[in-house]
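Fold and contact review
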Amino acid sequence: MKFIVTKLIYLLIFIVGLSVYADGTSLEGAYIWTLKSPDGNEFVEKIYFKNINNKLMLYLEGEQYECSLSGTHFSGQMYIQKRVWGVSGDFQSDGKITGKQERWDVFTPEEKVTLTFEAVRDTSEEAQKFWPQYLQEWEAHLASLDKKPDWDATEEGRQQKEGLLALAAEQHVTLTVRGKVVDSTGKPLEGIVLRCGTQRIDINYSMGLAATEEYITTDAAGEFKTKELTAWALSLRYGGKKYQAYQASYQTKEQLLELQKNPITITLLPIQEEAAE
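Please read these numbers as outputs of a predicted model, since none were measured by experiment. Here the residue numbering is sequential within each chain, running from 1 through the sequence in written order. With pLDDT at 70 or above as the cut-off, local features in this predicted model cover only qualifying residues; side-chain atom pairs require 80 or more to be listed or tallied, and sums for whole chains, interfaces and linings still use all residues. The basis for every side-chain value is the complete set of heavy atoms in the structure, and neither hydrogens nor water enter the calculation.

**Thoughts on the nonpolar core**
Counting 29 residues, the largest nonpolar core has Leu234, Leu236, Ile266 and Leu268 as the members making the most contacts within it. Strands are runs of DSSP state E lasting at least 2 residues, helices are runs of H or I lasting at least 4, and numbering of each runs from the N terminus. Put simply, the parts of the chain that give this core at least two residues each are strand S9 (173-175), strand S11 (193-201), strand S12 (209-217), strand S15 (233-238), strand S16 (246-250), helix H4 (253-261) and strand S17 (264-267). Judged by nonpolar contacts, the second largest core, of 20 residues, contains Ile47, Phe49, Phe74 and Ile97. We define the nonpolar core as a collection of buried residues of types Ala, Val, Leu, Ile, Met, Phe, Trp, Tyr and Cys that are connected through side-chain atoms lying within 4.5 Å of one another. Only protein chains enter the accessibility calculation, which uses a 1.4 Å probe; a residue whose area is less than 20% of its type maximum is buried, one above 50% is exposed, and one in between is partly exposed.

Here is the structure:
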């Protein structure tokens, strides 16, 4: 009986310790990670983990990942133009982090490049000075990008806001873009990545304009479907290597309403031919 009680106590201590270790706050701090590319080259960078609103943020100089955290495993992605950088890893019991960083073009995910990494805590005096100042400046930079214009500060601003809202009510269309991608023989193409870009009026942004982009992948039947979008202009684009580049723009309310009602078919032709809809 004593043996069983002792085992239960050890198990309880282990579970409590593990829960503290898995807490995002305990994982915060500066690290040095060494990335190794497939050709054997190594790259050393400074990184920092910070828990914000129950999300684990990974910072590099000029970049950030928003990561999900499950136990001691984390993963996240960020877009740099049409490049995707994904990161995933595990916090080890000895304080190290091991994982991988994957990089690929959004239109050619099959050409993914994978780098492995190992990271260790950076307790240097340089890191203790660098990161607090860097994070303060970085967050101030992001806040400046999100700063909402004060339309009501002047009479001219109020008139501009009213004009924008009236134009939005008149021109905006809410829609879900649906369709199919096929080759020149009409065969459905699976795994094709399309970029759907939109423009809309939004008084929460500077100049009253906002742009979004979404990447969607066709299924086994060659079909795709976007999330619900609100726009006054929309474009669809393919920029992969297997087929001719494709782009279509929908600039008028009539075009958007037609797109709202009916699915479209996109025909991608071999590189030497022109793409057509």
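**Points about the sheet that holds strand S3 (residues 55-60)**
Strands were regarded as paired on the criterion that DSSP finds at least two bridges between them. Here we have eight strands rolled up into a closed barrel, ordered S1-S2-S3-S4-S5-S6-S7-S8, and antiparallel in their pairing. Strand-to-strand twist across the sheet, computed as the mean angle between neighbouring axes with direction ignored, equals 30°. Orientation is described by lines fitted to C-alpha atoms, with helices fitted over the stretch in contact, and by angles between N-to-C directions that extend from 0 to 180 degrees.

**Describing the pairing of S11**
Judged by how many residues are buried, S11 sits mostly within the fold: seven of nine residues are covered. Across nine bridges, the pairing between S11 and S12 is antiparallel. When the bridges of S12 are listed, glutamine 199 appears paired with alanine 211. Relative to S15, S11 runs antiparallel, the two being bridged by five bridges. Across the sheet, residue glutamine 199 finds its bridge partner in S15, namely alanine 233.

**Points about the pattern of salt bridges**
The term salt bridge refers to a side-chain nitrogen of Lys or Arg lying within 4 Å of a carboxyl oxygen of Asp or Glu. Applying the stated criterion across every chain yields a total of twelve salt bridges. One salt bridge connects lysine 241 with glutamate 111, and the closest N-O pair in it is separated by 2.9 Å. Of this pair, lysine 241 sits in the loop between S15 and S16 while glutamate 111 sits in strand S8 (residues 108-121), placing them 130 residues apart in sequence. When its relative accessible area of 57% is taken as the criterion, lysine 241 is described as exposed.

**Re helix H3 (residues 155-171)**
For a helix, the expected span equals 1.5 Å multiplied by the number of residues minus one. Over its 17 residues, H3 extends 24 Å from the first C-alpha to the last, a length consistent with the 24 Å expected when each residue adds 1.5 Å. Listed as buried for H3 are Gly157, Leu164 and Ala168. Taken down its axis, H3 places every buried residue within 35° of arc, on the same side. Looking at H3, the residues exposed on the side facing more than 90 degrees away from the buried face are Glu156, Glu162 and Ala169. Residues are treated as being in contact if the distance between any of their heavy atoms lies within 4.5 Å. Of the surrounding elements, those touching the buried residues of H3 are S11. Working definition: the arc comes from the directions between the helix axis and the C-beta atoms, pointing outward to the latter.

**Quick word on the packing of aromatic side chains**
Within 6.5 Å between ring centres, the rings of Phe, Tyr and Trp (the latter by its six-membered ring) count as paired, and their orientation is classed by plane angle as stacked under 30 degrees, edge-to-face over 60, tilted in between. Applying the stated criterion across every chain, the model contains 14 aromatic pairs. Summarising the aromatic geometry, the rings of phenylalanine 74 and phenylalanine 91 are spaced 5.3 Å apart at their centres and angled 50° between planes, so their arrangement reads as tilted. In this pair, phenylalanine 74 sits in strand S5 (residues 73-80) while phenylalanine 91 sits in strand S6 (residues 83-91), placing the two residues 17 residues apart along the sequence. Accessibility classification places phenylalanine 74 together with phenylalanine 91 in one group, the buried group. Between phenylalanine 107 and tyrosine 215 the ring centres are 6.1 Å apart and the planes differ by 75°, which places this aromatic pair in the edge-to-face class. With a gap of 108 residues between them, phenylalanine 107 in the loop between strand S7 (97-105) and S8 and tyrosine 215 in strand S12 connect regions that are remote in the sequence. Judged by relative accessible area, which is 4%, phenylalanine 107 ranks as buried. An aromatic cluster of at least three residues, connected via ring pairs, comprises Tyr48, Phe130, Trp131, Tyr134 and Trp138. For a Lys NZ or an Arg CZ to count as sitting over a ring, it must be within 6 Å of the ring centre and within 35 degrees of the ring normal. The ring of phenylalanine 130 carries lysine 46 above its face, with NZ or CZ at 3.7 Å from the centroid. Taking the ring centre of tryptophan 104 as reference, the NZ or CZ of lysine 112 above it sits at 4.4 Å.

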